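Commentary on secondary and tertiary structure
The residues making up each chain are set out below.
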Amino acid sequence: MLQTQSLKYQYSSGRPLIFPNIHFQNEDPALILGESGCGKTTLLHLLAGLRTPSEGNVQLGQTNLYSLTTSERDAFRGKNIGVVFQTSHFIPSLSVLENITMPLYLNSQVQDENKVKTYLEKVNLFHKAFQPIGSLSVGEQQRIAIIRSIIHEPQWIFADEPTSALDNKNANQVISLLMDMTKTVNAQLIVVTHDNRWDHVIANTVRL
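Residues numbered from 1 in each chain as written. Predicted model: local features only at pLDDT ≥ 70, side-chain atom pairs only at ≥ 80, totals over all residues. Heavy atoms only, no water.

Some details on the overall build of the chain
- If you tally the helices and strands in the chain, you get seven helices and ten strands.
- Its C-alpha radius of gyration of 17 Å places the chain within 12% of the 17 Å reference for a compact globule of 208 residues.
- The principal-axis extent of the C-alpha atoms belonging to the chain is close to 45 × 40 × 35 Å.
- Scored against the burial criterion, the 208 residues of the chain give a buried share of 48%.
- Counting only carbon and sulfur atoms, one obtains 48% of the accessible surface of the chain, whose full area is about 10,500 Å². (Helix = DSSP H or I, 4+ residues; strand = E, 2+ residues; numbered from the N terminus. Rg over C-alpha atoms; globule rule 2.2 N^0.38 Å. Buried < 20%, exposed > 50% of the residue type's maximum accessible area, 1.4 Å probe, protein only. Areas by Shrake-Rupley, 256 points an atom, 1.4 Å probe, with all protein chains shown as cover.)

What to know about the sheet that holds strand 4 (residues 30–33)
- With respect to topology, five strands assemble into an open sheet ordered 7-8-9-4-10, the strand pairing being parallel. Unpaired on one side and paired on the other, strand 7 (81–84) and strand 10 (204–207) mark the two borders of the sheet. Averaged over all adjacent pairs, the angle separating strand axes in this sheet is 15°, with direction ignored.
- Inspection of the sheet shows strand 4 paired to strand 9 (residues 188–193) by four bridges, in the parallel sense. The residue bridging Leu33 from the neighbouring strand is Thr193, located in strand 9.
- Where helix 1 (residues 40–47) meets the sheet, its contacts fall on strand 4, strand 7, strand 8 (156–160) and strand 9, and the angle it forms with strand 8 comes to roughly 165°. (Pairing = 2+ DSSP bridges. Axes fitted to C-alpha atoms, helices over the stretch in contact; angles between N-to-C directions. Contact = heavy atoms within 4.5 Å.)

Here we look at the nonpolar core
- Grouped together as the largest cluster of nonpolar side chains are 35 residues, with contacts concentrated most on Ile100, Leu120, Ile144, Ile147, Leu178, Met181 and Trp198.
- If you list the elements that add at least two residues to this core, you get strand 4, helix 3 (96–100), helix 5 (113–122), helix 6 (138–150), strand 8, helix 7 (168–184) and strand 9.
- Those residues in contact with Leu178, other than ones at most four positions away along the chain, are Val84, Ile146, Ala159, Pro162, Leu189 and Trp198.
- The next biggest cluster of nonpolar side chains, apart from the first, holds 26 residues, and it includes Tyr9, Phe24, Val83 and Ile190. (Core = buried A, V, L, I, M, F, W, Y, C linked by side-chain atoms within 4.5 Å.)

Observations regarding the packing of aromatic side chains
- Under the criterion given, the structure shown has two aromatic pairs.
- Here the aromatic rings of Phe76 and Trp156 are separated by 6.3 Å at their centres, their planes lie at 40°, and the arrangement is tilted. Note that Phe76 is positioned in helix 2 (residues 70–80) and Trp156 in strand 8, a separation of 80 residues in sequence. Each of the two residues, Phe76 as well as Trp156, counts as buried.
- A cation sits over an aromatic face here: Lys117 above Phe126, 5.5 Å from the ring centre. (Phe/Tyr/Trp six-rings, centres within 6.5 Å; stacked < 30°, edge-to-face > 60°. Lys NZ or Arg CZ within 6 Å of the ring centre and 35° of its normal.)

Some thoughts on helix 2
- Every buried residue of helix 2 is accounted for by Arg73, Phe76, Arg77, Gly78 and Asn80.
- Looking at the packing, one finds that the buried side of helix 2 touches strand 5 (55–60), strand 6 (63–64), strand 7 and strand 8.

Observations concerning the pattern of salt bridges
- The final tally for this structure, using the stated rule, is eight salt bridges.
- Its salt-bridge partner being Glu153, residue Lys115 comes within 3.5 Å of it at the nearest N-O pair. Taken together, the residues Lys115 in helix 5 and Glu153 in the loop between helix 6 and strand 8 connect sequence positions 38 residues apart.
- Look at Glu153 and you get partly exposed, because its relative accessible area is 43%.
- In this structure, Arg207 engages Asp199 in a salt bridge whose closest nitrogen and oxygen atoms are separated by 2.5 Å.
- Since its relative accessible area comes to 52%, Arg207 is described here as exposed.
- Taking relative accessible area as the criterion, Asp199 reaches 27% and is therefore assigned partly exposed. (Salt bridge = Lys/Arg side-chain N within 4 Å of Asp/Glu carboxyl O.)

Shown next, in the form of structure tokens:
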């Protein structure tokens, strides 16, 4: 369950961003649609606890996200939230495998090599596990970013414009992969995008 109330964010310059109340009651995949420039990425950062709102709150399950201290919120996010960013933010000096397992390291979780192998085989990239992350194509890196977002088995996955720059064939592959992978770990997927192709896949939708 995800719910927001009176959520607002104020940048140092410019008008405040005021978001509608959101209430996704069940754990089905959810979609937040909005045109470019309406604050979608800012909203995703607020929902995932990456920015602090000027006003309002976010509730994930039974947790009131912004009633937590900063350290409590960081710990909650590390355990319960995965994010697929528009820009993947990989560590260039690390291999594909090391980038995938970074959330496990940061959360002091045991690395399950068989699980990592299974996920890499699922996206046909096991043969590149020990290569530098920079040696992968953009499409391959996107698949690795999806694996990284679920490797610690979070309860919520937030995806920021995961298909907006892709043609129909590649977009459909990413849509299927995200839906399948989040279902595998029993996480709720929340997609924030202006890509209307998601509207045919996810019925649980809010429009900004």
